[in-house]
Amino acid sequence: MAKTSLLYCFALIILILGNPCTAEEEIKVYELKKGDFSVKITNYGATVLSVILPDKNGNLDDVVLGYNSIEDYKNDTTYFGGLIGRVANRIGGAKFELNGVEYKLPANDHGNTLHGGSKGFSDVIWTVEDYQEDSHLTLTYNSFDGEQGFPGDLSVKVTYMFIGTNKLAIKMQAKPLNKATPVNLASHTYWNLGGHTSGNIFSHTIQLFGSKITPVNDKLIPTGQITPVEGTAYDFLKPRTIGSKFSDIPGGYDINYVLDNTEGKHLQRVAIVQESKSGRKMELWTNKPGVQFYTSNMLENAKGKGGFVYSKYAALCLETQGFPDSVNHPNFPSQIVNPGETYKHIMVYRFTA
């Protein structure tokens, strides 16, 4: 009877005052627009839904893969456009040790942890802090101590913003409030510069400014080695098509490149991607030491926007990041952020045609 009375009282409060959670949990779509350049983002997962760009003839097309509805994103296993965290990529054995304490995480990928666990930052509702259609969208999320097994409360913020007429910047920040914790946020957008319905990305030309990779085992967990790409099918130091040596990479590209900060600048160049038919070109810079180059090898006839079915290799991902499984490899750059410190991750895309 007491439980029934409590539920009745709560229902009565909601009837009189309205549901206190409604405003915070409302899922919406926000558009940033400047001329022919537009980006749509939802606060569900801080997810990039679309990027509309002109081609060399001025024709507009959506160059990122995605779904028709938010409900599809809720059931998504591809991470289309999501903001990934608390730790992007893989953590071997779904565990790590920090300050003498072992933390066990959800084993959502063949015994390992992938993209923050079974419910990472791409599967939560973010709060809109600031929005200006021709300028920026800022979203925040408060991750609680023990969420998906990670230690400490973490305050997270991401801003999507236009710079000039043809640049999109993503600024990610995180502040641990009471415990040291690993943080490795990433944007998981699937790009096809020919348009999201244009087929595979084998004819895209790419140049990657990383002369080394972190090799992985059969479960895609880094071995701890750092090896040069020169003379291998991973060598994109000079521009070439993605498909040119694809047969030498069983299953497709899914590897972390160690970026070369040859100029010693705050932001280093990551990649230049071009698609000849449309003439579109995308350049990417970051302040992080690595980038995961992924050729959508695990796409299995996903029903996307407008009912179009995406097959394997329909897009490429360039996820700037800390190195995968850094928490278990002391020789990798540390991802541990302490209270009083701020994690900062910047990506800048420049689009031309």
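Only a predicted model underlies this, so the values are computations on that prediction, with no experimental measurement involved.

Caption draft 1: Representation of the sheet that holds strand E2 (residues 37-42) in the model. Read from one edge to the other, the open sheet built from four strands follows the order E1-E2-E3-E4, with strand pairing classed as antiparallel. Edge positions in the sheet fall to strand E1 (29-34) and strand E4 (60-62), since each has one partner strand and no second. Neighbour-to-neighbour, the strand axes of the sheet open up by a mean angle of 15°, direction not taken into account. Pairing analysis gives six bridges linking E1 to E2, with the strands arranged antiparallel. Counterpart to glutamate 31 in the pairing with E2 is lysine 40.

Caption draft 2: Quick peek at the UniProt feature "active site" (unreviewed entry) in the protein chain. The feature "active site" (unreviewed entry), as given by UniProt, occupies His188 and Glu319 in the numbering adopted here. The largest pairwise C-alpha distance within this set of annotated residues, which runs over 132 residues, is 6.1 Å, so the set is compact in three dimensions. Assignment of secondary structure puts histidine 188 in strand E15 (residues 186-188). By relative accessible area, histidine 188 is classed as buried at 3%. For glutamate 319, the position within the fold is in strand E26 (residues 317-321). Taking the relative accessible area as the measure of exposure, glutamate 319 reaches 3% and is therefore buried.

Caption draft 3: Broad picture of the sheet that holds strand E11 (residues 136-143). Pairing within the open sheet is antiparallel, and its nine strands lie in the order E10-E11-E12-E13-E28-E22-E21-E16-E19. Each of the sheet's edge strands pairs with one partner strand only, and the pair in question is strand E10 (127-132) and strand E19 (240-241). Pairing of strand E16 (residues 205-208) with strand E21 (residues 268-274) involves four bridges; the strand directions are antiparallel. Bridging from a neighbouring strand, glutamine 207 pairs with isoleucine 272 of E21.

Caption draft 4: A look at the nonpolar core. Trp126, Tyr160, Tyr257, Phe293 and Leu318 are the most contacted members of the largest nonpolar core, which has 60 residues in total. The element that contributes the greatest number of residues to this core is strand E12 (residues 154-163), accounting for five residues. When neighbours within four sequence positions are excluded, phenylalanine 293 is seen to be in contact with Ile206, Leu208, Phe236, Ile242, Tyr253, Asp254, Ile255, Tyr257, Leu316, Cys317 and Leu318. By size, the runner-up hydrophobic cluster in this structure holds 15 residues, among which are Tyr190, Tyr294, Ala314 and Ala315.

Caption draft 5: Examining the pairing of E21 more closely. Burial runs high along E21: five of the seven residues are buried. Taking the residues between adjacent antiparallel strands as the criterion, E21 and strand E22 (residues 281-286) are bridged by six residues, where glycine 279 takes a positive phi near 80°.

Caption draft 6: Up close: the packing of aromatic side chains. Enumeration according to the criterion identifies 27 aromatic pairs in this entry. On the numbers, 5.1 Å between centres and 50° between planes, the contact of tryptophan 191 with tyrosine 349 is tilted. Residue tryptophan 191 is located in the loop between E15 and E16, and its partner tyrosine 349 is located in strand E28 (residues 343-352); the two are separated by 158 residues in the primary sequence. The buried category is assigned to tyrosine 349, whose relative accessible area is 1%. Taking 5.3 Å as the distance between ring centres and 80° as the angle between the ring planes, the aromatic pair formed by phenylalanine 323 and phenylalanine 332 counts as edge-to-face. With relative accessibility at 3%, the residue phenylalanine 323 sits in the buried group. Connected via pairs of aromatic rings, a cluster forms that spans Phe202, Tyr234, Phe236, Phe246, Tyr253, Tyr257, Phe293 and Tyr313.

Caption draft 7: Geometry of the side chain of aspartate 55. Structurally, the position occupied by aspartate 55 is in the loop between strand E3 (47-54) and E4. The side chain of aspartate 55 sits in the buried core without any salt bridge; arginine 280 is the nearest counter-charge, 4.7 Å away. Those residues within four positions of aspartate 55 in sequence are excluded, and the remaining contacts are Ser278, Arg280 and Ala353.

Parameters at a glance
- Residues numbered from 1 in each chain as written.
- Predicted model: local features only at pLDDT ≥ 70, side-chain atom pairs only at ≥ 80, totals over all residues.
- Heavy atoms only, no water.
- Pairing = 2+ DSSP bridges.
- Helix = DSSP H or I, 4+ residues; strand = E, 2+ residues; numbered from the N terminus.
- Axes fitted to C-alpha atoms, helices over the stretch in contact; angles between N-to-C directions.
- UniProt positions renumbered as here; feature names shortened; annotations may be inferred.
- Buried < 20%, exposed > 50% of the residue type's maximum accessible area, 1.4 Å probe, protein only.
- Core = buried A, V, L, I, M, F, W, Y, C linked by side-chain atoms within 4.5 Å.
- Contact = heavy atoms within 4.5 Å.
- Phe/Tyr/Trp six-rings, centres within 6.5 Å; stacked < 30°, edge-to-face > 60°.
- Lys, Arg positive; Asp, Glu negative; His and termini not counted.
- Salt bridge = Lys/Arg side-chain N within 4 Å of Asp/Glu carboxyl O.

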